[in-house]
Amino acid sequence: MANDNLPYAADAEAPLKPAELQVLRAQFEKEGEYVSLQTKFNYAWGLIKSTSRHDQQEGVRLLSDIFRASPDRRRECLYYLALGNYKLGNYAEARRYNDSLLELEGGNMQAQSLRQLIDDKVAKEGLMGVAIVGGLAAAAAVGVGLLVKGAQRKR
């Protein structure tokens, strides 16, 4: 059954206020090497919501630690790892985590929504890539044409 407590992907785009993130950071640092899973998870989510790429990477790293170390939190981590990787532009990783969650919970609306966002972004960036490659190929063809034409004139 889908967990309606998971945020939609749009929620990840709204960063915490600096003071709110600082509260999470302070708690995380205060707990030190004995940091609780919940504190680590909350801090990781706050980092993923950040506009800073470095913070987002750190959030994904912390969630990956939780995913590996805590089997009982893996399902929950799948969605947040998918979101974090989506924000970082790691669409293949985002899709992998999200698809794993959808295998467990096919009716999860948040994961279905995220799947659509990932697919849309990949399609958009794929089309831009094709356009760039096509433009380079056309420029190369013009360049080769000019070289051939120039070589023919010298004869």
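Residues numbered from 1 in each chain as written. Predicted model: local features only at pLDDT ≥ 70, side-chain atom pairs only at ≥ 80, totals over all residues. Heavy atoms only, no water.

Novice: How should the packing of aromatic side chains be read in this particular structure?
Specialist: Given two aromatic rings, their pairing is described by the distance between the two centres and the angle made by the two planes. Scanning the model with the defined rule gives six aromatic pairs in all. Members of the aromatic cluster, connected to one another through ring pairs, are Phe-41, Trp-45, Tyr-79 and Tyr-80. A cation over a ring is seen here: Arg-73 above Phe-41, with NZ or CZ 4.8 Å from the ring centre. Above the face of the Tyr-97 ring, Arg-96 is positioned so that its terminal group lies 4.7 Å from the ring centre. (Phe/Tyr/Trp six-rings, centres within 6.5 Å; stacked < 30°, edge-to-face > 60°. Lys NZ or Arg CZ within 6 Å of the ring centre and 35° of its normal.)

Novice: Explain the packing of helix H3 (residues 37-49) against helix H4 (residues 53-69) to me, please; I cannot follow it from the model alone.
Specialist: Relative orientation and spacing of two packed helices are given, respectively, by the angle between their axes and the distance between those axes. Close contact between H3 and H4 brings their axes to 7 Å; oriented N to C, the two are set at 150 degrees. Relative to H4, the element H3 lies roughly antiparallel. Handedness of the H3/H4 crossing: left-handed. Residue-level inspection shows Leu-37, Lys-40, Phe-41, Tyr-43, Ala-44, Leu-47 and Ile-48 of H3 in contact with H4, the latter providing Asp-55, Gln-56, Glu-58, Gly-59, Val-60, Leu-62, Leu-63, Asp-65 and Ile-66. Within the contact of H3 with H4, the residues separate by chemical class into 10 nonpolar, two polar and four charged. (Axes fitted to C-alpha atoms, helices over the stretch in contact; angles between N-to-C directions. Helix = DSSP H or I, 4+ residues; strand = E, 2+ residues; numbered from the N terminus. Parallel < 35°, antiparallel > 145°, perpendicular 65-115°, else oblique. Left-handed = near helix turned anticlockwise from the far one by under 90°. Contact = heavy atoms within 4.5 Å. Nonpolar A, V, L, I, M, F, W, Y, C, P; charged D, E, K, R; others polar.)

Novice: Got a minute to help me understand the environment of Glu-76 in this structure?
Specialist: Relative to the assigned elements, Glu-76 resides in helix H5 (residues 74-88). Note: C-alpha distance between Glu-76 and Leu-101 (25 residues apart in sequence) is 8.6 Å. Side chain to side chain, Glu-76 and Arg-73 meet in a polar contact 2.8 Å long. (Polar contact = N/O pair within 3.5 Å; in protein donor to acceptor, adjacent residues only side chain to side chain.)

Novice: Sorry if this is basic, but what is going on with helix H2 (residues 18-31) here?
Specialist: Side chains of residues three or four places apart in an α-helix project in the same direction, reflecting 3.6 residues per turn. Over its 14 residues, H2 runs 20 Å from end to end, which matches the ideal 20 Å to within 8%, given 1.5 Å per residue. Residues of H2 that are buried: Leu-21, Phe-28 and Glu-31. Projected down its long axis, H2 shows its buried positions confined to an angular sector of 95 degrees, all on one face. Looking at H2, the residues exposed on the side facing more than 90 degrees away from the buried face are Pro-18, Ala-19, Val-23, Glu-29 and Lys-30. Each element contacted by the buried residues of H2 is listed here: H3 and H4. Following H2 by one or two positions, Gly-32 has its phi on the positive side, about 55 degrees. (Expected span 1.5 Å × (residues − 1). Buried < 20%, exposed > 50% of the residue type's maximum accessible area, 1.4 Å probe, protein only. Arc of directions from axis to C-beta.)

Novice: Quick question: what am I supposed to make of the packing of H4 against H5 here?
Specialist: H5 packs onto H4 with a crossing angle of 155 degrees between their chain directions and a minimal axis gap of 9 Å. Between H4 and H5, the angle is such that the two are roughly antiparallel. Handedness of the crossing formed by H4 with H5: left-handed. Note on element contacts: H5 touches H4 through Arg-74, Cys-77, Leu-78, Tyr-80, Leu-81, Gly-84, Asn-85, Lys-87 and Leu-88, opposite Arg-53, Gln-56, Gln-57, Val-60, Leu-63, Ser-64, Ile-66, Phe-67 and Arg-68. Among the residues forming the contact of H4 with H5, the class breakdown is nine nonpolar, five polar and four charged.

Novice: Please clarify how the environment of Ala-12 should be interpreted in this entry.
Specialist: One can find Ala-12 in helix H1 (residues 9-12). Put simply, Ala-12 and Gly-46 are 34 residues apart on the chain and 8.8 Å apart in space, counted from C-alpha to C-alpha. Setting aside residues no more than four positions away along its own chain, Ala-12 makes contact with Trp-45, Ile-48, Lys-49, Leu-83 and Lys-87.

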